[in-house]
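Below, each chain spelled out in residue letters.
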Amino acid sequence: MAVALRCLRQLPPLLHNSLSGVARPPLQVPFRCTILILNGCKQCVAHQTMLSRHLATKKTKAKGKGQTQARVNISAALVEDIINLNELNDEMQSVMEVLKEDFGKNLNIRTSLGALDHIIVTTKDGKFPLNQLGQISQKSPQLIIVNMASFPESTAAAIKAIRESRMNLNPEEDGIIIRVPVPKVTREHRESLARLAKQLTNKAKEALRKVRGDAMNQVKKAKSTASEDTVKLIEKKIQEMADDTTAEMEMLLAGKTKELLS
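A quick note: this is a predicted structure, and the numbers were derived from the prediction, not measured.

> Got a sec to walk through the overall build of the chain? Specific residues and values, please.
For the chain, the helix and strand inventory stands at 10 helices and six strands. Counted over contacts in the chain with a minimum sequence separation of 6, partners at least 24 positions apart contribute 63%. By element, 54% of the accessible surface of the chain is carried by carbon and sulfur atoms, the whole surface being about 17300 Å².

> Any details on the sheet that holds strand S5 (residues 172-174)? Residues and values, ideally.
The strands making up a sheet associate through backbone hydrogen bonding, with each pair oriented either parallel or antiparallel. Ordered by their spatial adjacency, four strands build an open sheet running S3-S4-S6-S5, and the pairing between neighbours is antiparallel. Every interior strand has two partners, whereas the edge strands, strand S3 (135-140) and S5, have only one. With strand direction ignored, the average angle separating the axes of adjacent strands in the sheet is 25°.

> Now, about the pattern of salt bridges: what can you tell me, with residues and values included?
Scanning the entire structure with this criterion turns up 10 salt bridges. Notably, a salt bridge pairs Lys100 with Glu97, separated by 3.7 Å at the nearest N-O pair. Here Glu97 and Lys100 lie together in helix H5 (residues 85-106), a separation of three residues that amounts to about one turn. The class of Lys100 is partly exposed, set by a relative accessible area of 38%. The class of Glu97 is partly exposed, set by a relative accessible area of 37%. Linking Lys205 and Glu250 is a salt bridge whose minimum nitrogen-to-oxygen distance equals 2.1 Å. With Lys205 in helix H9 (residues 187-220) and Glu250 in helix H10 (residues 228-261), the pair connects residues that are 45 residues apart, well separated along the chain. Here the residues in one salt-bridge network are Arg71, Lys237, Glu240 and Asp244, joined through shared partners.

Definitions and limits used
- Residues numbered from 1 in each chain as written.
- Predicted model: local features only at pLDDT ≥ 70, side-chain atom pairs only at ≥ 80, totals over all residues.
- Heavy atoms only, no water.
- Helix = DSSP H or I, 4+ residues; strand = E, 2+ residues; numbered from the N terminus.
- Contact = heavy atoms within 4.5 Å.
- Areas by Shrake-Rupley, 256 points an atom, 1.4 Å probe, with all protein chains shown as cover.
- Pairing = 2+ DSSP bridges.
- Axes fitted to C-alpha atoms, helices over the stretch in contact; angles between N-to-C directions.
- Salt bridge = Lys/Arg side-chain N within 4 Å of Asp/Glu carboxyl O.
- Buried < 20%, exposed > 50% of the residue type's maximum accessible area, 1.4 Å probe, protein only.

Structure (structure tokens):
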């Protein structure tokens with residue numbers, strides 16, 4: 001009887017809390033709390049406290065997910081006897097530069113005189129850029145002419161190189177003259193170039209992973225002479241550098257894809 005009276009005296013505050021909860025949905029008291037009042041008011045208070053802590057914990061975790069991971073700060077001079085981070089950065093940037101060159105050479109939407117210059121022609125005497133073997137000129141916006149008078153024996157090889165250049169070109173032979181019709185830019189061609197951009201990016205990522213793997217192996221060899229903390233810090237820095245370069249590649253791919261498909 002005494003327990004029931006104490007519970008009845010605490011009903012007004014509980015009702016007040018329940019009404020307040022209507023205005024603030026995140027703090028609503030679960031229906032289970034009303035049942036627990038019959039077994040003891042202290043259990044209800046305890047349940048409310050646990051619920052508040054649970055919500056606070058979830059909010060804290062959600063906030064933590066959006067935080068940016070701290071950058072690794074390490075002096076290249078202090079670890080130069082283990083690995084040269086400047087040289088490693090140059091290697092990774094070289095991979096990035098190769099990707100940019102591949103994009104410039106292989107992902108032209110419209111064919112121009114300059115676009116044919118880079119095409120490599122394989123002859124019996126070696127490999128040469130097309131503009132060193134033939135004189136390239138544009139007869140009209142829809143036709144490019146390659147005059148092979150200086151190296152007529154390389155005409156067939158030049159035609160093959162142009163056809164296999166992934167530029168959607170179908171050259172025609174006219175003696176020592178190669179006629180290259182400039183095709184209309186179709187949606188299908190744009191999508192093909194976008195797929196090629198993805199392939200070139202994946203190839204660059206593979207090269208980057210090899211650079212990163214070689215660097216990691218080099219650091220592992222220093223475990224017998226360097227402290228464990230130093231080795232872990234260097235490995236984190238190498239991973240960070242690789243991640244930065246990968247992000248650059250993704251940005252380049254996104255920009256080129258948008259350019260090709262727009």
